[in-house]
Amino acid sequence: MRKIFVSDYDGTITNKDFYSLLAERYVPADAPDYFAQYMEDRMTHFDAMAAYFAFMPTEDQQIEELLDASEADPDLGSSAALLQRAGWELLVVSAGSSWYVERVLRRAGAAATTYSNPGRLEKSRGLVLEKLDASSPYYSASDGIDKSAVVRHALDAAESVAFAGDGRTDLPPALLVRPELRFARGFLADALRQRGEAFRPFSRWSEIVSELM
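Residues numbered from 1 in each chain as written. Predicted model: local features only at pLDDT ≥ 70, side-chain atom pairs only at ≥ 80, totals over all residues. Heavy atoms only, no water.

Draft legend 1. Looking closely at the overall build of the protein. Across its full length, the protein holds 10 helices and 10 strands. Taken over C-alpha atoms, the radius of gyration comes to 17 Å for the protein, in line with the 17 Å a tight globule of 213 residues would show. Summarising its shape, the C-alpha atoms of the protein cover approximately 50 × 35 × 35 Å along the three principal directions. Split into buried and exposed, the 213 residues of the protein put 51% on the buried side. Accessible surface, the protein as shown: approximately 9700 Å² in total, 46% of it carbon and sulfur. Both charge centroids of the protein, one from 23 positive and one from 33 negative side chains, sit 3 Å from each other. (Helix = DSSP H or I, 4+ residues; strand = E, 2+ residues; numbered from the N terminus. Rg over C-alpha atoms; globule rule 2.2 N^0.38 Å. Buried < 20%, exposed > 50% of the residue type's maximum accessible area, 1.4 Å probe, protein only. Areas by Shrake-Rupley, 256 points an atom, 1.4 Å probe, with all protein chains shown as cover. Lys, Arg positive; Asp, Glu negative; His and termini not counted. Charge placed at Lys NZ, Arg CZ, Asp CG, Glu CD.)

Draft legend 2. Structural detail: helix H7 (residues 147–157). Of all the residues in H7, the buried ones are Lys147, Ser148, Ala149, Val150, Val151 and Ala154. The secondary structure elements touched by the buried residues of H7 are strand E1 (3–8), strand E2 (88–97), strand E3 (113–117), strand E7 (144–145), strand E8 (160–165) and helix H8 (171–174). Of the residues flanking the start of H7, the one acting as N-cap is Asp146, its side-chain oxygen 3.1 Å from the backbone nitrogen of Ser148. (Contact = heavy atoms within 4.5 Å. Polar contact = N/O pair within 3.5 Å; in protein donor to acceptor, adjacent residues only side chain to side chain.)

Draft legend 3. Local environment of helix H6 (residues 98–108). Taken residue by residue, H6 has Ser98, Trp99, Tyr100, Val101, Val104 and Leu105 as its buried positions. The opening residue of H6, the one whose side-chain oxygen lies 3.1 Å from the backbone nitrogen of Trp99, is Ser97. A positive backbone phi angle near 70° is found at Gly109, which sits one or two residues after H6.

Draft legend 4. Seen up close, the side chain of Ser20. Its place among the elements puts Ser20 in helix H1 (residues 18–25). At 2.6 Å, the side chain of Ser20 forms a polar contact with the backbone oxygen of Asp17.

Draft legend 5. A look at the sheet that holds E8. Strand order across the open sheet formed by 6 strands is E3-E2-E1-E8-E9-E10, with parallel pairing between neighbours. Since the sheet does not close on itself, it has two edges, and those belong to E3 and strand E10 (200–201), each with one partner. Pairing between E1 and E8: 5 bridges, direction parallel. Looking at the pairing, Phe5 lines up with Ala162 of E8. Along the sheet, helix H10 (residues 205–212) contacts E1, E2, E8, strand E9 (182–184) and E10; its crossing angle with E1, the most-contacted strand, is approximately 165°. (Pairing = 2+ DSSP bridges. Axes fitted to C-alpha atoms, helices over the stretch in contact; angles between N-to-C directions.)

Draft legend 6. Focus on the nonpolar core. The biggest cluster of nonpolar side chains holds 45 residues, and the ones touching the most others in it are Phe5, Phe53, Tyr100, Trp205 and Leu212. For this core, the leading source of residues is helix H3 (residues 45–53), giving 6 residues. Beyond its immediate stretch of four places on either side in the chain, Trp205 contacts Phe5, Ser7, Thr12, Ile13, Asp73, Leu76, Ser79, Ala80, Leu83 and Leu90. Membership of the second largest hydrophobic core comes to 24 residues, among which are Val6, Tyr138, Ile145 and Val150. (Core = buried A, V, L, I, M, F, W, Y, C linked by side-chain atoms within 4.5 Å.)

Draft legend 7. Structural context of the packing of helix H5 (residues 76–85) against H10. One way to put it is that H5 packs onto H10 with a least axis distance of 10 Å and a crossing angle of 20°. Considered as vectors, H5 and H10 are oriented roughly parallel to each other. Relative to H10, the crossing made by H5 is left-handed. The residues of H10 that touch H5, namely those facing Leu76, Ser79, Ala80, Leu82 and Leu83, are Trp205, Ser206, Val209 and Leu212. Residues of the contact of H5 with H10, tallied by class, amount to 7 nonpolar, 2 polar and no charged. (Parallel < 35°, antiparallel > 145°, perpendicular 65-115°, else oblique. Left-handed = near helix turned anticlockwise from the far one by under 90°. Nonpolar A, V, L, I, M, F, W, Y, C, P; charged D, E, K, R; others polar.)

Draft legend 8. Expanded view of the pairing of E8. Within E8, 6 of the 6 residues are buried, which leaves the element mostly enclosed by the surrounding structure. On E8, burial covers both faces: Ser160, Ala162 and Ala164 on one face and Val161, Phe163 and Gly165 on the other are all buried.

Draft legend 9. Layout of the packing of H1 against helix H4 (residues 60–69). Across the interface, H1 lies against H4 with an axial gap of 10 Å and an inter-helix angle of 125°. Between H1 and H4, the interaxial angle falls into the category oblique. For the crossing formed where H1 meets H4, the hand is right-handed. Every residue of H4 that contacts H1 at Phe18, Leu21, Leu22 and Arg25 is listed here: Glu65, Leu66, Leu67 and Ala69.

Listed below in structure tokens is the structure:
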């Protein structure tokens, strides 16, 4: 039986969102609150992330400090290996950028397929966020990556599909999976409660893996 675990990255595998670290450390105090504008539907999620990522430092030491400060689950590598041994495929979806997601996964030795917005680091321009080609089945005009499309693909391909997330962009894909395989915290948990939708709470990503076992 094929089993797929689709997991959000920022705030789910990590404790802190990458954009929020940039906001705290590098975005000028007089800059607009891009995330608030997104939450008020005054700009898209993709445009908000692109605005924050433009302040990304390009020095190696500063980049490493940011990756560490995001606080990826310390058991990420061992938990991903446990998933693999138990026959679960891990798909990581992020409305951030694969530029930093794949670096953290690689550092942890976590085998996963990543669906996220590409990006490239440029002097004076920070992390330049790019969208998938519009012909991609996972393209989203507002988020860059269509997380629901990834989950629907998994549901077509596997008998068991789990999803974990924490944010606003995680609500539509979370509602696609069975409640017993729906894991949530933060904004997503609150939104599901308000809708009367069942889910399984978590505080650390590795706890989800333990429950899936």
